[in-house]
Amino acid sequence: MNTISIVGLGYIGLPTATLFAARKIRVIGVDVSSHVVDTINRGDIHIVEPELDILVQAAVSAGYLRATMQAEPADAFVIAVPTPLTADQKPDLSCIQAAAMSIGPVLRSGNLVILESTSPVGTTEQLASWLAEIRTDLTFPHQAGDGSDIRIAYCPERVLPGRIVHELVMNDRVIGGMTPNCSEAAVSLYKSFVQGECFVTTVRIAEMCKLTENSFRDVNIAFANELSMICDEQGINVWELIRLANRHPRVNILQPGCGVGGHCIAVDPWFIVDSAPTQAKLIRAAREVNDAKPEWVVRQIEEAIEGLIRSGMAAKDICIAFLGIAYKANIDDLRESPALAVVEAVTAHHKGRVVVVEPNREALPDSLVRAEVFLMNLEEAVSRAHLIILLVDHAAFKGALPKLSSKQVLIDTRGIWSNAK
Ligand code: SAJ
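Residues numbered from 1 in each chain as written. Predicted model: local features only at pLDDT ≥ 70, side-chain atom pairs only at ≥ 80, totals over all residues. Heavy atoms only, no water.

Participant: Break down the packing of aromatic side chains for me, citing the residues and quoting the values.
Facilitator: Counted according to the given criterion, the structure contains one aromatic pair. Pairing F20 with F193 gives two aromatic rings, centres 4.9 Å apart and planes at 85°, and the pair type is edge-to-face. Of the two residues, F20 is situated in helix α1 (residues 13-22) and F193 in the loop between α8 (180-190) and β8 (198-202); the sequence distance between them amounts to 173 residues. Accessibility classification places F20 together with F193 in one group, the buried group. Above the ring of Y11, the side-chain terminus of R335 is found at 3.8 Å from the ring centroid. (Phe/Tyr/Trp six-rings, centres within 6.5 Å; stacked < 30°, edge-to-face > 60°. Helix = DSSP H or I, 4+ residues; strand = E, 2+ residues; numbered from the N terminus. Buried < 20%, exposed > 50% of the residue type's maximum accessible area, 1.4 Å probe, protein only. Lys NZ or Arg CZ within 6 Å of the ring centre and 35° of its normal.)

Participant: Residues and numbers for the site of the ligand, please.
Facilitator: Taken together, the neighbourhood of the ligand is formed by 21 residues, with K210, N214, R217, Q255 and Y327 sitting nearest. Residue N214 places a side-chain N or O atom 2.6 Å away from an oxygen atom belonging to the ligand. One of the side-chain nitrogen or oxygen atoms of R414 is found 3.2 Å away from an oxygen atom of the ligand. Protein chains bury 88% of the 770 Å² of accessible surface belonging to the ligand in isolation. Placement of the ligand is best described as lying within the second largest pocket. With five residues, helix α9 (residues 203-233) is the single largest residue contributor to the shell around the ligand. Residues that form the shell around the ligand fall into these classes: nine nonpolar, four polar and eight charged. Counting contributing residues, the shell around the ligand receives three or more from each of domain 1 (3-201) and domain 2 (237-420). (Near = heavy atom within 4 Å. Polar contact = N/O pair within 3.5 Å; in protein donor to acceptor, adjacent residues only side chain to side chain. Areas by Shrake-Rupley, 256 points an atom, 1.4 Å probe, with all protein chains shown as cover. 1 Å grid on protein atoms, 1.4 Å probe; cavity = no way out; pocket = protein on both sides within 12 Å on 5 of 7 lines; lining within 4 Å. Sits in = over half its atoms within 2 Å of the grid points. Nonpolar A, V, L, I, M, F, W, Y, C, P; charged D, E, K, R; others polar. Domains from an automatic or database assignment.)

Participant: Mind laying out the pattern of salt bridges, listing which residues take part and the relevant values?
Facilitator: Scanning all chains against the criterion turns up 16 salt bridges. A salt bridge links R42 to D44, with the shortest nitrogen-to-oxygen separation between them at 3.4 Å. Linked by salt bridges that have partners in common, D218, R287 and D291 make up one network. (Salt bridge = Lys/Arg side-chain N within 4 Å of Asp/Glu carboxyl O.)

Participant: Give me the layout of surface pockets: which residues, what numbers.
Facilitator: Taken as a whole, the largest pocket holds about 1,100 Å³ of empty space. Taken together, 48 residues form the lining of the largest pocket, with V81, P82, T83, H263 and R335 sitting closest to its centre. Each residue belonging to the lining of the largest pocket can be placed in one class, and the counts come to 25 nonpolar, 15 polar and eight charged. Shared between two domains, the lining of the largest pocket holds at least three residues of each, these being domain 1 (3-201) and domain 2 (237-420). Lining the second largest pocket are 30 residues, with L160, R217, I221, I265 and K328 sitting closest to its centre. No other element matches α9, which puts five residues into the lining of the second largest pocket. Within the lining of the second largest pocket, the residues separate by chemical class into 12 nonpolar, eight polar and 10 charged. Shared between two domains, the lining of the second largest pocket takes at least three residues from each, and those domains are domain 1 (3-201) and domain 2 (237-420). (Points joined across faces, edges and corners; volume = space filled by probe spheres on them.)

Participant: Explain the sheet that holds strand β2 (residues 26-30) residue by residue, including any values.
Facilitator: Taking strand neighbours across the sheet as the criterion, the eight strands line up as β3-β2-β1-β4-β5-β6-β7-β8 in an open arrangement whose pairing is mixed. Two strands lie at the open edges of the sheet, namely β3 (65-68) and β8, each paired on one side alone. When the angles between neighbouring strand axes are averaged without regard to direction, this sheet yields 25°. Sheet topology places β2 next to β3; four bridges connect them, and they run parallel. Bridging from a neighbouring strand, G29 pairs with A67 of β3. Strands in contact with α9 are β6 (151-154), β7 (173-177) and β8; relative to β8, the strand with the most contacts, it is inclined by about 115°. (Pairing = 2+ DSSP bridges. Axes fitted to C-alpha atoms, helices over the stretch in contact; angles between N-to-C directions. Contact = heavy atoms within 4.5 Å.)

Participant: Explain α9 residue by residue, including any values.
Facilitator: Taking 1.5 Å per residue as the helical rise, α9 with its 31 residues ought to reach 45 Å, and the 46 Å between its terminal C-alpha atoms agrees with that figure. Positive phi appears at G235, one or two residues downstream of α9, with a value of about 65°. (Expected span 1.5 Å × (residues − 1).)

Participant: I'd like a rundown of the packing of α9 against helix α11 (residues 268-275), residues and numbers included.
Facilitator: Put simply, α9 and α11 touch, their axes get as near as 8 Å, and they point 110° apart. Comparing the axis directions of α9 and α11 gives the class roughly perpendicular. For the element pair α9 and α11, the recorded crossing hand is left-handed. Across the interface between the two elements, M208, K210, L211, T212, N214, S215 and D218 of α9 pack against D268, P269, F271 and I272 of α11. Tallied by class, residues from the contact of α9 with α11 come to five nonpolar, three polar and three charged. (Parallel < 35°, antiparallel > 145°, perpendicular 65-115°, else oblique. Left-handed = near helix turned anticlockwise from the far one by under 90°.)

And the structure:
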C-alpha cells in the first residue's frame, strides 16, 4: 500500500493517519470541515490529545500527510466518521453513507475499504451495497466473494481518549473481513504500525464485538451507580463497601460517579437495544440507570441548598463550586459530559454565585459563560463556596483534599475526598 486515505479526521482518524504517515506511507486525509483541513495542513491539531500535535506536525512537514475536502484515489480507504444516535435512540449512519458517496467515484480495482466507525451489526454489508450501487463497473465481496475487485473489512478502534496514540499501537485489534482475502489485506495494512495482535473474525462478529465491549463497561458502571444510590438510602459509605467487596477474588466492582459521558459508552449500547429490543433488557436498564444518575446528583444538590436555606442563608448568597466538568478524569473533553449537565441544570435555577474548577481547560463552554459562571482555581473556589460538588476525579484534585469549615457542605460524587484515608 503506497497511499492510504483516511476519511474523517477526528479523534480516531487523525491519530491513525499520523501513525501510517510515521511509517512513511503517503496519507490523504479527507474531512468535510474546511477548518479541520486547514488546521491539519498548517501542521496543527483541532483536538486535544497527548502526543498528537508532534505527530501531526512531523507528518505534515515531512510531506506524508495532507488533508483535503475532496476524496482522491488511494490504495486503501479507512472510514472513521461519527455514528451518532438520533433523538429516538436509533443509529444515524448518514456520515458513513456520505463517506461512501465521497470515495465511491475514486475507487479502483484492487482497493481495500475499511470501516472503523462504531456501527450496528450489518453496517459493513450496507456500506458494500452503497458502494456497489455507485460503482456498477466494479465487483464487491457480497457479489463476487473472495475474487472481488474491492475488498471490504470492519475493524473497530478500541482506544481510550487520553491514551489514543499509545493504545492505537499497542492494543490488539479485531478484524472482520467480508471474505478471507479482505481480512488478509486489512491485517497487512494494520500491521504497518500495530504492535498488538490482529485477530481475524467475521464482519458481523467484529461489529458486535465493539458494541459488546462498551455495553459490558456500561452495565458494570450502572451496577456501581445503582449501588451508590441504594447505599445513600441506607446510610452506607459506598466507597468503603466497594473496596471491601473487591477483596473477594472474583469481584471487581467499578466506581460510581455523576453519570456516564463521552461519545461511546453512552451511545453504543443503544445500537444493541435498537437491533434486539426484546432481548436487550439488561443493556437497556443499564443505560437508563446511568442516564438518570446526573438527575439524582442534581436532586442531592438541591436538597443541600434547601438545607443551607433552612440554616438561615438566603439562596442568592449561597456560592456553589463545581469541581470538574470534563466527561471523565484527566481530559478536557466535554462531549456528553454528565458533570457539565449537572452544572448546567443547577445553574439554570440557582440564584447565587456558581464557580467551576476545571484544571484541563482554559475557558468554560458558552453555556456556562452565558450563565455567568466563572472558572477559578481550586483554592480560591473552595475558600469562597458554601457548597462544594466534586464531579470529576481529576488527578489534580486527588492529592488536594482541602480543609473545609464545619459550615461548608461537600458532595463528592467520585468518593475521592469523602473517602480519603
Ligand atoms: N466511569 C465511571 N466509573 C468507572 C469508569 C468510568 O463512572 O468506574 C465513567 C467515566 O467517568 C466516563 C464514562 O464512564 O464518564 C466512560 O469513561 P471510560 O473511561 O469508561 O470510557 P471512554 O468512553 O473514554 O472510552 C471507552 C473505552 N471502552 C471501554 O473501556 C470498554 C475505550 O476502550 C473505547 O475505545 C471507547 O469507549 C470508544 O471509542 O468506544
